[in-house]
Amino acid sequence: MKDTKINDITNNKNEAPKDSEAAQAGDSSEEEDYEDIDEDDDDDEQMDEGEEPTTCLFCEEVFPLIATAIDHLDARHKVNLSQLQKKFHMDQYSFIKLVNCIRANKISAETLLSTEQTFWEDEKYLKPKEYEPWLCYDYDVLKTDGAEAQPSVAELLQQIAEQSKLLQQANEDMERMRSDYKELLQKVHEGKDSKSSGEIVPRNNPNFDKEYFNSYSHFGIHHEMLSDKVRTSTYRSALLENKSVVSGKAVLDVGCGTGILSIFASQAGAARVVGIDNSDIVYTAMDIVRKNKVQNVQLVKGRLEDTDLPEAKYDIIISEWMGYFLLYESMLDSIIYAREHHLNPNGVILPSRCTLSILGYGNDTLYAEQVEFWSDVYNVNMVDLQKKSIEEPLMEVVDAQFMLTEPEQIANFDMMTVDLNYPNFTHHFNLKVTKSDRLTAFVGYFDTFFDMPAAVMFSTSPTETPTHWKQTIFFLEHPKDVKEGEVISGKIVSRRHKEDIRALNVEIEVFGRKQKYMVV
C-alpha cells in the first residue's frame, strides 16, 4: 500500500509540469485576447476623437476628421464656431439645433454670418434627419480652446458693434410691435375724429382702463385729493360763491369719486345732481350721500362713454379731471365726450379752462440726488439707469428760489372748444433768464380757471401754495450755465402716447440737443 501511494505521488509530480505548461499557454492566449480588446478600445477612442468622414456644413467636401472640417469652415467659409459661440452664447444643444437647421433649410454661410439673431432655436431642430459627426462633437471644447487667448481691442470693438446692432434690431422690433399694437387699439377704441393731425385719436377703452379705475378704489388717493385745500376749497368756492349760476340747474359730476363735488353742487342750490364714476369708490360715496341726507344727488357706477344716465342733458358739467403736467391720465377725453353728448345748449363746464406753463430751473442738490446719484451707488456704477431716470419726469414740489427764468405759457385749453387732439401740440418758447446759475431742468405746471360771475382760480406754480399735483421736473442730461438777461430759446413737443393713451410723450429741444420724456 505504501509503494502504491508513493508511485501515485511520483506520477502526479511528473504530470504537474504538463498542467503548468497548459496553464501558461492558456494565460498567453488570454493576454492576446486582452490585447485585441485593448486595440479595439483604442480604435473606438480614435473614432470618438473624430476619425469619421465629416461633410462640410456649407459645401460638398468631405474630411476624414471633424477637426479638419472645423478648420475648413473657418478658412473657406469664414465661419468660426468659437466666435459664433461667444456671439450667441451657444451651448451644446444650440450647436445641435444649428447643424440640423442648416441641413433642413440649406442655410448658406453668408446667411449665418449676416444674422444678428438665432433663427435655429426651435425645438424641432433637436431632431436630425440623419446621424453625422457634427451632432456628436463636444462643442464645449471650443470654450477651453479659446479661454487662454484674450480678445484684442479690435475684437472687443467688433463685439460692441454687434451688441449695438442687436439693440438696434430689438428697438426696431419693439417699434414694429408698438405700431401693430397701435393699429389694434385704433380698431377697438371708440371715436375716430382727429381735426388737426389726420390720425385716429382713440377714446379711452374699457379693455385698457380697468387698472386705471382700480387705482381710484383705494382710500389713500382720495385722502390725498380731499386734504389738498387748494384744490377742494377752490371747487367749493366756485359753486357756493356762484349760486345764481347753479341754482335750479341739472349738474353732471364726471368722475365723482367720493361725491364731494356733487354734494357741493347740491349745497349751491342745484335742482338735480348726477355723479358717475367707474371706480368701486362710488359705492362708498353712495353711503356718504345717504348719511348726509342729500336727497337730490344720484350716483351711478359705470363708464360715462357706455352708460345710460338718468337724464340725457345737463346744464352744468363739473369734474376734477386734471392730472400731472395737467394732461396725464387723459381724463379730459371723458369731459369732451360729456360736452358732446350731455351738455345743454348754453351749458357751462367747470373748470372753464386750463393753461400749461414751463420755466427754467437750477437746483444742483436735487440734480445730484436724482440724476448724478446713479454714477456711484454703494461703489457700483449704475450710470445706465441715469438716462432712464431722466426720461421719466419727476413729480415733486420744487423750491421757488431756484427758478432761473420767467415762466411761459405753452398751451391753453378752453373746455368749450378743446378737441381730442389736445395732447398733441408744439410750442416754441423764449424764456428770459432772471438769475445766473446752472440750468439743470425745466419745470412744468398748470393753472385752472373758473370763469364765472365770482371768478376763482388756482395755480400749481412753484410760487403758489403746493398742491397734490406738485410740479413736473424735466431734467436735462447736459446742464447748462445761463446768465441773467439772456433768453433761452427752444421747442417743446407733446404727443399722446401711442400705446398707453393716458400717458404723454414730451420732447424738449434746446441748446442744440433733443431730449425725450414720457409722463407716466
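The shown structure was predicted, so the numbers you read here are calculated from the model rather than taken from an experiment.

**Considering the packing of aromatic side chains**
Thought 1: Taken as a whole, this structure holds 16 aromatic pairs when the rule is applied.
Thought 2: With a centroid separation of 5.1 Å and 75° between ring planes, the pair formed by phenylalanine 474 and tyrosine 517 is classed as edge-to-face. Here phenylalanine 474, found in strand S14 (residues 471–482), pairs with tyrosine 517, found in strand S17 (residues 513–519); they are 43 residues apart in sequence, far enough to count as distant.
Thought 3: Look at tyrosine 517 and you get buried, because its relative accessible area is 3%.
Thought 4: Put simply, the rings of Phe88, Phe119 and Trp120 pair up and form one aromatic cluster.

**Notes on the pairing of strand S8 (residues 353–361)**
Thought 1: Counting buried residues along S8, eight of its nine residues qualify, which places the element largely inside the surrounding structure.
Thought 2: The pairing of S8 with strand S10 (residues 408–414) spans six bridges and is antiparallel. Its bridge partner lying in S10, cysteine 354 is registered against phenylalanine 413.
Thought 3: Note: S8 against strand S12 (residues 437–450), nine bridges, orientation antiparallel. Counted as the bridge partner of serine 357 is tyrosine 445 from S12.

**Some remarks on helix H14 (residues 332–342)**
Thought 1: Where burial is concerned, most of H14 is hidden: nine out of the eleven residues are buried.
Thought 2: Those residues of H14 lying buried are Leu332, Asp333, Ser334, Ile335, Ile336, Tyr337, Ala338, Arg339 and His342.
Thought 3: At its buried positions, H14 is contacted by strand S3 (250–254), strand S6 (314–318), strand S7 (343–350) and strand S15 (487–496).

**Brief notes about the sheet that holds S17**
Thought 1: Taken together, the four strands give an open sheet; going across it, the order is S11-S15-S16-S17, and neighbouring strands pair in antiparallel fashion. Edge positions in the sheet fall to strand S11 (425–432) and S17, since each has one partner strand and no second. Pairs of neighbouring strands in the sheet enclose a mean axial angle of 20°, with direction left out of account.
Thought 2: Pairing geometry for S15 and strand S16 (residues 504–510), over seven bridges, is antiparallel. Looking at S16, one finds that isoleucine 492 is bridged to isoleucine 508.

Criteria and thresholds
Residues numbered from 1 in each chain as written. Predicted model: local features only at pLDDT ≥ 70, side-chain atom pairs only at ≥ 80, totals over all residues. Heavy atoms only, no water. Phe/Tyr/Trp six-rings, centres within 6.5 Å; stacked < 30°, edge-to-face > 60°. Helix = DSSP H or I, 4+ residues; strand = E, 2+ residues; numbered from the N terminus. Buried < 20%, exposed > 50% of the residue type's maximum accessible area, 1.4 Å probe, protein only. Pairing = 2+ DSSP bridges. Contact = heavy atoms within 4.5 Å. Axes fitted to C-alpha atoms, helices over the stretch in contact; angles between N-to-C directions.

Take it as geometry only, folks, not as evidence of what the structure does.
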